[in-house]
Amino acid sequence: MPDIGFLNGEFMPLSHVKISIEDRGFQFGDGVYEVVRTYGGVPFQLDAHLERLERSAHAIGLDMPVNSTEWDEWVREGVKRAGYPECKVYVQVTRGVASRDHLFPHNTPPTIVMSVREMRSLDPALCRAGVVVITMEDLRWGRCDIKSINLLPNVLARQRASEAGAFEAILVRDGTVTEGAVSNLMIVNGGHVITPQEGMHILSGVTRRFVLSLARKGGIPVEERNIDLRELRQAEEVFLTGTTIEVLPVVRIDNVPVGSGQPGLLTKRLRALFQEQIAP
Ligand code: PDD
């Protein structure tokens, strides 16, 4: 079964999608994106992802000639065509094709692409055992709330983590923990779930918000505020959230065990609550 591609309103096999070298996404990273996954074949939190896509496009002055209803139909159609048990949908909008010039082009339609591939979840054993992370300086720009396709600092951070034998890099800006290179971060102390507040230095994760609402509904106190590096290192529990990783325990930071060195009780509870919600 071929992976599904989509270019400017037309579905085709993924390998048939061709983009000009003068696409501004390719030359400037001038675009925005989303990653959505399905559970039971149904796109998870699609409205929230599409809202964020619109917010990101608006924030970079990119006019999307498409509304959420059309996006919604395209994503569902792509999932139907792919026919996989579970899909990972990537959508990207760039400022279109124009001869290279930093200034916005006039009368140039955006390039809209989508890919639908089979979603392969993380190894359940890894999710149960937890992952190792490193910390490093957050070298990204000042608008990390925009889901921009400019991911070079994230790429470099994740690569460095991988070379250090770690799953993720936790980014630290001026002593304050922001998020992971591809995930949001939460800690547990004294029975409270604590996570950096939304703002320009983190992505407003769809999973982050979903997990916080599960915590609140489950009577777990939530604090959205700054976390400094010292508090991270002394946390009783640490976990990551994200579309592809769900709720993922962290058991070592920079080679030092988190708490007992095993996934924490509250983390496991939140992971279980999450699993209950997505069960078909
Ligand atoms: N990334 N923070 C960053 C920097 C991210 O790239 C992501 C997700 C998240 C989690 O957001 P959400 O819960 O909405 O997936 C947080 C996607 C999956 C990616 O780039 O592949």
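Residues numbered from 1 in each chain as written. Predicted model: local features only at pLDDT ≥ 70, side-chain atom pairs only at ≥ 80, totals over all residues. Heavy atoms only, no water.

Colleague: So what exactly am I meant to see when it comes to the site of the ligand here?
Modeller: Surrounding the ligand, one finds 18 residues, the nearest of these being Y33, E179, V206, T207 and T243. At 2.9 Å from an oxygen atom of the ligand is found a side-chain nitrogen or oxygen belonging to R52. Interatomic distance of 2.7 Å between a side-chain N/O atom of E179 and a nitrogen atom of the ligand. Considered class by class, the residues forming the shell around the ligand number 6 nonpolar, 8 polar and 4 charged. (Near = heavy atom within 4 Å. Polar contact = N/O pair within 3.5 Å; in protein donor to acceptor, adjacent residues only side chain to side chain. Nonpolar A, V, L, I, M, F, W, Y, C, P; charged D, E, K, R; others polar.)

Colleague: Is there a simple way to think about the packing of aromatic side chains in this case?
Modeller: Two numbers describe a pair of aromatic rings. These are the distance of the centres and the angle of the planes. One pass over the full model with this rule turns up 9 aromatic pairs. Lying across the ring of Y39, R37 places its NZ or CZ 3.8 Å from the centre. The lysine or arginine in question, R95, covers the ring of F104, its NZ or CZ lying 3.6 Å from the ring centre. (Phe/Tyr/Trp six-rings, centres within 6.5 Å; stacked < 30°, edge-to-face > 60°. Lys NZ or Arg CZ within 6 Å of the ring centre and 35° of its normal.)

Colleague: Whenever I open this one, the state of the cysteines confuses me. Can you help?
Modeller: Chemically, a disulfide is nothing more than a covalent bond linking the sulfur atoms of two cysteines. Applying the stated criterion across every chain, the model contains 0 disulfides. Free of any disulfide, C127 has its nearest neighbouring cysteine sulfur in C87, separated by 19 Å. (Disulfide = S-S within 2.5 Å.)

Colleague: Could you clarify how one ought to interpret the packing of helix α2 (residues 46–59) against helix α3 (residues 68–82) in this entry?
Modeller: At a minimum axis separation of 10 Å, α2 and α3 run at an interaxial angle of 125°. The orientation of α2 with respect to α3, classified from their angle, is oblique. Crossing hand, α2 versus α3: right-handed. Residues L46, D47, L50, L53 and E54 of α2 lie in contact with α3, whose contacting residues are S68, W71, D72, V75 and R76. (Axes fitted to C-alpha atoms, helices over the stretch in contact; angles between N-to-C directions. Helix = DSSP H or I, 4+ residues; strand = E, 2+ residues; numbered from the N terminus. Parallel < 35°, antiparallel > 145°, perpendicular 65-115°, else oblique. Left-handed = near helix turned anticlockwise from the far one by under 90°. Contact = heavy atoms within 4.5 Å.)

Colleague: It is not clear to me how helix α6 (residues 206–217) should be interpreted in this structure. Could you clarify?
Modeller: The periodicity of an α-helix, 3.6 residues per turn, causes residues three or four positions apart to be oriented the same way. With 12 residues, α6 should cover 16 Å at 1.5 Å per step; its first-to-last C-alpha distance of 17 Å lies within 8% of that length. Within α6, burial applies to V206, T207, R208, F210, V211, L212, L214 and A215. Of the residues trailing α6, G219 is marked for its positive phi of about 80°. (Expected span 1.5 Å × (residues − 1). Buried < 20%, exposed > 50% of the residue type's maximum accessible area, 1.4 Å probe, protein only.)

Colleague: Would you mind showing me how to read the sheet that holds strand β6 (residues 111–118) here?
Modeller: Strand pairing in a sheet takes place through backbone hydrogen bonds and is either antiparallel or parallel in direction. The strand order across the open sheet built from 6 strands is β2-β1-β6-β5-β3-β4, with neighbouring strands paired in antiparallel fashion. Two strands bound the open sheet, and with one partner strand each, they are β2 (10–13) and β4 (42–43). Note: strand β5 (residues 87–94) against β6, 8 bridges, orientation antiparallel. When the bridges of β6 are listed, V93 appears paired with I112. Along the sheet, α3 contacts β1 (4–7), β2, β3 (31–39), β4, β5 and β6; its crossing angle with β6, the most-contacted strand, is approximately 35°. (Pairing = 2+ DSSP bridges.)

Purely geometric numbers; function is a separate question.
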